[in-house]
Amino acid sequence: MTAIAPLARLQRAAARRAAIDMLAIGAPGALALAAIGWRFGNATLAVLIFVACALLVAAFAYLRARRFDCGWLVGQLDARVPAFEDSSALLFGAPAASPLAALQRQRIEVRIDAAEAVDFRPAWSHRAIVAAWVIGAAAIVALLLWPDATETPTPRDGATATAAPAMPPTLAGVRLRITPPAYTGLPARTQSTLDARVPEGSRIDWSVAIRPPGDAAAIAPVGGNRIALVRQGDAWTGGMPIDRAMLYRIEAPGLPRQRLHRIETVADAPPVVRVVAPERQLAMLNPGQRRWTPVFEATDDHGIADATLRVTVTKGDGENISFEQRSAAIAGSGPARRRRFAPTLDIAREGMAPGSDLIVQIIVADNRAAGAQRVEGPSAILRWPPDLALADGLDGMAAPVMPAYFRSQRQIIIDAEALIARRARIPAQEFADRSNGLGNDQASLRLRYGQFVGEEAEGGGSGIALPTNDAPALPTNNTPAPPPEAHSADDGHDHGSEGGGASGGFGSAVDVLNEFGHAHDSGDAATLFDPGTRSTLAQALDAMWSSERALRQGDPQAALPHAYRALAFLKDAQQATRIFVPRTGAEPPPIDLSRRLTGDREGIVAREAPVPARPTPDATPAEAWRALQPLPGPARTPPLQLGALDRWVRQNAGRIADPLALSAAIDTLRAEPACTACRERLRALLWRVITPPRAGISRRAGGNARGRRYLEALR
Amino acid sequence: MSDARFWVAAILVLALVAAVVRILRRQRAAAQPAARWRPALLVALQAAAAGALWCMLFPPPIAVPRGVLVVATEDAPATLEAAPGETLVALPEAPAIADARRVPDLATALRQHPDAARLRIVGSGLAPRDRQPLPLPTRFDPPAPFSGLVALALPDSAAPGSAFAISGEVRGHRGAIVGLADPSGSIVDLARVGDDGRFTLRGTARTAGPARFELRVAARDGGMIERVAIPVVAREQRLPRVHVLAGAPGAETKFLRRWAADAGIAIALEAPLGAGVLLADDRLPITAATLGRIDLLVIDDRRWDALDGSARATIINAVDAGLGLLLRPGGALSAATQRSWASLGLDVARGEAVLPVRTADRDAPVVGRRDLIRPTPQAVTLLRDAGGEPLAAWRARGRGRIGIWAVPESYALTLAGDGERYGAWWSSLFSTLARADGEQSPAIDGIGRSGERVAICGLSGAATIDAPEGRATPLVVDPASGVHACAAYWPRAEGWHRLRNGEGRETALYVHPAGALVAVARSDRHAATIALAAASRQVRADAPARTAPGSPWPWFAALLVTLGLLWWLERSRFGRAERG
């Protein structure tokens, strides 16, 4: 059997070649499967898969190698080695039974060398091997590039968290602790959104979880100082007091640019005071009343800190009025945010007398830490009517007395005419009485006007001076508004040099002015007592005197012409004042006297009237609006200039209703240019700030050629 | 006779002739001729076979019995059943009906059912696809009245800064509230619908570009009924060049000049100060060339009187060529001016009385108007006061327009703080009268919904439309639409589309979502179907008897039988002479 050893070697070589060929084909498949395991599982899974696949391939290779057995070799030898003469089976079979077979075996045994030169190994299956490796390599590359679908969803929008150490850091969670100022009494609260609306002066503490935590993190307000956050365990924390609304973002090295978030502040509102009782501001003292209890209510958003009661008592009447004021702290009842004040005032102890007013006011301050807001509430007035004193003890018999105002000259005329009309129907005595009454009115009026022209006061004319209808309503140069309008040095307008000791001689204008009048202009320009007006007023007084005389004699018919004359003079005086109102406006150019009345028009041309320039409405927001229009296809509008828009918003921040929202929208769009919702939001905000043109003129369409022909034919 | 029939007939005749010739020759050539009846029978059978083949290929029409075709449209009741003698078909919009056969459209149904003598349409009406003149007398059973927003008139294109109006009708909700929200979402106009259900809302386009307003219809108790997008496309306008010729300087021209200058309008004022001195921004000699350079001429009666006949004729010729002319009386007209202006076609009175312009707002300042505009059929009233009295009127002359203005001292509005109304009046006057300049921009005819065919009219050149998803579709203008130049488009997505026409101009078109404005669509269908049904009464019910092509199968059987007989007869010895 030694003779067949070289042949057996040939057989083993062929089997080995077949096994290696099989392994070469199967290896890339095993690698690819292992790569799948690594990509969607982990390394252990990959190793397991690889080992399993390798075993499987090895098994296939073994099975294939087993086919190269003795029978195969005999077939090959018979086919490919002619020297064996189709008798190679004899070499491997049992020792020959027949002598012929033995002879043949001996013959071919010597020819075994011929078989050794033949290569029995099967050819490499090149195509299959190349295809397997190419497909395997492609599959592995594809698996490596396949996007990671197993990332875990994160709690925050746009933020991603992953265990893979190569991923950039992301915002995993936030917590805001809002601590309102202590005085507000509001509880601290915690929220998990970054936008907040907080009372002014609150403190906000951020607690931000960033995965992986990284080296630093900060709160970056727009246009403010960054606040570096401090690492505490898993989170970055830090805080700041909020005094005004702001936009901010969270920044950390490697953290993708975050959207802007907004902190809005709610300002502390000043307290509000209202009068609960009395129902009307002015109350009249009831006869026999000894106490008075006005009720005030003060409300504030965070609480009333203290309150002061201010009581003012006026005494006297006419111009002789004196004030007495006192203030005292007052305690209210009820909760701090809605406090009631009901001071009880003793009328006698406050020192009220007939004709005096008791004015009660509450001044409250809230508890704001940064400067309390102090508000003076409305006042309640208790009036003791002057005449009521007479009726003291005669309850119910005293009629309320109306204040005595002067009748106007026109009213006197009207009353006189009415009296004349009723003459036939009333007794003569009553007619005379009424006429006399009208005479009294006329006398009062005469005395009133007499004051203006410096007549001697008659019958206590220096006392109260009450308004009349004929007197000009508004103070002019000539006729100042009469008292009781109280004037003082600080009542808001300039006064002439009043008093000052510079008294002229008797009857001089300045003297009279100082004594009776109240000049609002300088002494030089004072026209109050110019001769024309003075004589007009003097004539009016004369006429009034005549009228009064006739009225007192019970002859209103005779008084009427004088009354009319007086009225006409008064109106004249009023009209006259208008001339002296300083006028402003066009100043005609000086007349060129050299060619006056010559008819020479040389060089006279109309000046082109200039049209004042008006600032054109700013086009920046409108252009941005158009650049943001949601039209598909290639745009022909200029591209969006976010930088210019941002500058515009900052320059016009005072003019825009909500500049912070616009800034935030611009910033968001800058960071995420592809975000459709962000574009929509910015576009909506821009609409409100676009200034429309002043006139919307649309041009009518010209129509087509047929339409034009129709119009031209339509004569 | 069609070609196919001709050739088939020719072939058949030839074949028949050949067969007959062959039969006769064989008969004659045969040594022992067969019985005489045999060739005759063969020829007869050949002819019968040819006839049967012809009839199989072209079955003779048969007269069909008449019936009623019931067409179920959208909103048809699902329980609809056909009465005896009726055929029930359902259009694609119809709900599932048990007995109905689905047809893709009405024309197919009519073709498939030529036996129908009458049509009965059930449901809310025909879709735009089926709105063709109906060939049969039609009955339309209108559905029960429906509620909601049933009519909506969208605004035409607006100029930036000008107000636009939308109007519509809400049915079935008494006291409903309608509001118009601007693109930022804030309500700019609010109204309660009247007793007739109609409403009008106004908004302002702040700048050029497409803007999406929103109409919100709420019931009286505040529940939202409908929210509809209102697309407004504002286009930048070329402002008119205006020349004002005044008889003397005055407050009215001064304020007009100030307003126009503020609005950016090129306005030139020319007023003589007397003695040959002229206050003028820009001297305008009245010639055809100079008038051709301006768009609107505003002239008052004093200046008109001062013009000589040739200047007037030049102005009138310029109006014929397109110039706008606004006649602005400064007071009561002289008899000569009245005659002169009346000769321009405007029926004007002397206007000696000054009447107050009435306003709806009691606190609004009052200005006076001259009662010089008489309503005539030739003139169009441009502005009216709250009492319906005309403030301005115009009439076309050639390609231009002549207007008359009855408020001589409108500047008083500006002084009294009502500059808004002043601006609205003069904007309206300038817009209406100035020389035509704008062009008809393409627009969707009616309301476009995604998934529904729309007609886009006013196209020029090779237009292309870009859909929101980015697909560009060229539009093909239908030559049958004539001067309207309409093209069909089938939008697949809602939202803004960009339409680019061949000349490089583009505009935005808005397509509503498929489910929007349901009641408006239903109302449209309803009205259109009623109109079609009414028009179909003209069709005579006893029109020529309708026929249908018969079935070929009996003829095929006849052909088979004939051919079988022929075969048997040819093969058999029957009737032949015994071989000797």
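Parameters at a glance
- Residues numbered from 1 in each chain as written.
- Chains lettered and ligands numbered in written order.
- Predicted model: local features only at pLDDT ≥ 70, side-chain atom pairs only at ≥ 80, totals over all residues.
- Helix = DSSP H or I, 4+ residues; strand = E, 2+ residues; numbered from the N terminus.
- Buried ≥ 20, exposed ≤ 12 C-beta atoms within 10 Å, placed from the backbone.
- Contact = placed C-beta atoms within 7 Å.
- Core = buried A, V, L, I, M, F, W, Y, C linked by C-beta atoms within 7 Å.
- Expected span 1.5 Å × (residues − 1).
- Arc of directions from axis to C-beta.
- Axes fitted to C-alpha atoms, helices over the stretch in contact; angles between N-to-C directions.
- Left-handed = near helix turned anticlockwise from the far one by under 90°.
- pLDDT = per-residue confidence, 0-100.
- UniProt positions renumbered as here; feature names shortened; annotations may be inferred.
- Nonpolar A, V, L, I, M, F, W, Y, C, P; charged D, E, K, R; others polar.
- Pairing = 2+ DSSP bridges.

Draft legend 1. Focus on the overall build of chain A. A tally of helices and strands in chain A yields 17 helices and 20 strands. Here chain A, with 715 residues, has 24% of them falling under the buried criterion. Here the contacts in chain A between residues at least 6 apart in sequence split such that 62% fall between residues at least 24 apart.

Draft legend 2. Inspection of the nonpolar core at higher detail. Membership of the largest hydrophobic core comes to 108 residues, with the highest contact counts inside it found for B:L297 and B:I456. Broken down by element, the residue count for this core peaks at 6 residues, all from helix α10 (residues 419-433) of chain B. Each residue touching B:I456, except ones within four places of it in the same chain, is listed here: B:P442, B:I444, B:L475, B:C486, B:A487, B:Y489, B:L499 and B:L509. Judged by nonpolar contacts, the second largest core, of 39 residues, contains A:I219, A:L260, A:I263 and A:L669.

Draft legend 3. Broad picture of unusual backbone geometry. A cis amide bond links A:A277 with the next residue in sequence, A:P278, at an omega value of 0°. With a phi angle near 70°, B:D75 is a residue other than glycine that sits in the positive phi range. Counting through the fold element by element, B:D75 comes out in the loop between β2 (67-72) and β3 (86-90). In this structure, B:L517 takes a positive phi of about 55° despite not being glycine. Here B:L517 is to be found in the loop between β30 (506-511) and α11 (518-535).

Draft legend 4. Local environment of helix α8 (residues 409-421) of chain A. Residues and elements named next belong to chain A. Taking 1.5 Å of rise per residue, 13 residues should cover 18 Å, and α8 covers 18 Å from first to last C-alpha, within 8% of that figure. All of the buried residues along α8 are Q409, I412, I413 and A416. Seen from one end, α8 has its buried residues packed into an arc of 100°, which puts them on one side. Of the residues in α8, the exposed ones pointing more than 90 degrees away from the buried face are A418 and A421.

Draft legend 5. Structural view of the packing of helix α13 (residues 620-627) of chain A against helix α14 (residues 642-651) of chain A. Residue and element names in this part refer to chain A. Contact geometry for α13 and α14: axes closest at 10 Å, N-to-C directions at 140°. When you trace α13 past α14, the crossing you get is left-handed. Contact with α13, carried on its side by T620, P621 and A624, involves A644, L645 and W648 of α14 and no other residues of that element.

Draft legend 6. Looking closely at the confidence of the model for chain A. Residues and elements named next belong to chain A. Averaged over chain A, the pLDDT score is 77; the fraction of residues at 70 or greater is 78%. Mean pLDDT in chain A bottoms out at helix α10 (residues 509-516), which sits at 49, and peaks at strand β14 (residues 295-299), which reaches 91. A low-confidence stretch, residues 459-467 stays under pLDDT 50, and its non-local contacts, those more than four residues away or across chains, total 13 contacts. Note on residues 471-511: pLDDT under 50 across the span, and 51 contacts to partners over four residues away in sequence or across chains.

Draft legend 7. Fine view of the UniProt feature "transmembrane region" (unreviewed entry) in chain B. Residues and elements named next belong to chain B. Mapped onto this numbering, the UniProt entry gives "transmembrane region" (unreviewed entry) at residues 6-25, 37-59 and 553-569. Across residues 6-25, the secondary structure splits into 100% helix and 0% strand, with the terminal C-alpha atoms separated by 28 Å. Taken end to end, residues 37-59 is 91% helix and 0% strand, and its first and last C-alpha atoms sit 31 Å apart.

Draft legend 8. Representation of the environment of A:L7 in the model. Residue and element names in this part refer to chain A. Topologically, L7 is positioned in helix α1 (residues 5-40). With 22 C-beta atoms packed within 10 Å, L7 lands in the buried category. For the pair formed by L7 and V74, sequence separation is 67 residues and the distance between their alpha carbons is 9.7 Å. Setting aside residues no more than four positions away along its own chain, L7 makes contact with L73, L91, I112 and A115.

Draft legend 9. Examining the confidence of the model for chain B more closely. A residue-level look at chain B finds 97% of positions with pLDDT of 70 or above and a mean pLDDT of 86. Taken together, the chains of this predicted complex give a pTM of 0.57 and an interface ipTM of 0.71.

Draft legend 10. Quick peek at the interface of chain A and chain B. Each partner contributes to the interface: chain A provides 38 residues, whereas chain B provides 57 residues. Mapped onto the side of chain A that touches chain B, the elements with two or more residues apiece are α13, α16 (676-689) and α17 (705-713) of chain A. No other element matches the 5 residues that α16(A) contributes to the side of chain A that touches chain B. Of the residues that constitute the side of chain A that touches chain B, the class distribution is 19 nonpolar, 6 polar and 13 charged.

Draft legend 11. Focus on the sheet that holds strand β8 (residues 235-241) of chain A. All names here are of chain A. Taken in spatial order, the 5 strands of this open sheet run β2-β1-β4-β8-β7, and their pairing is antiparallel. Both edges of this open sheet fall to β2 (189-191) and β7 (230-232), since each of them pairs with a single strand only. The sheet shows a mean angle of 25° between the axes of neighbouring strands, taken without regard to direction. Sheet topology places strand β1 (residues 170-179) next to β2; 3 bridges connect them, and they run antiparallel.

Draft legend 12. Quick peek at the sheet that holds strand β15 (residues 266-274) of chain B. All names here are of chain B. Pairing in this open sheet of 8 strands is mixed, and the strands run β16-β15-β14-β17-β18-β23-β22-β21 from one edge to the other. The sheet is open, and its two edges are formed by β16 (277-280) and β21 (380-384), each paired on a single side. Going from strand to strand, the sheet's axes swing by 20° on average, the running direction of each strand aside. Bridge count between β15 and β16: 4 bridges; the pairing is antiparallel. Within the sheet, the bridge partner assigned to P272 lies in β16 and is L278. Across the sheet, helix α4 (residues 251-263) is in contact with β14 (241-245) and β15; its angle to β15 comes to roughly 160°.

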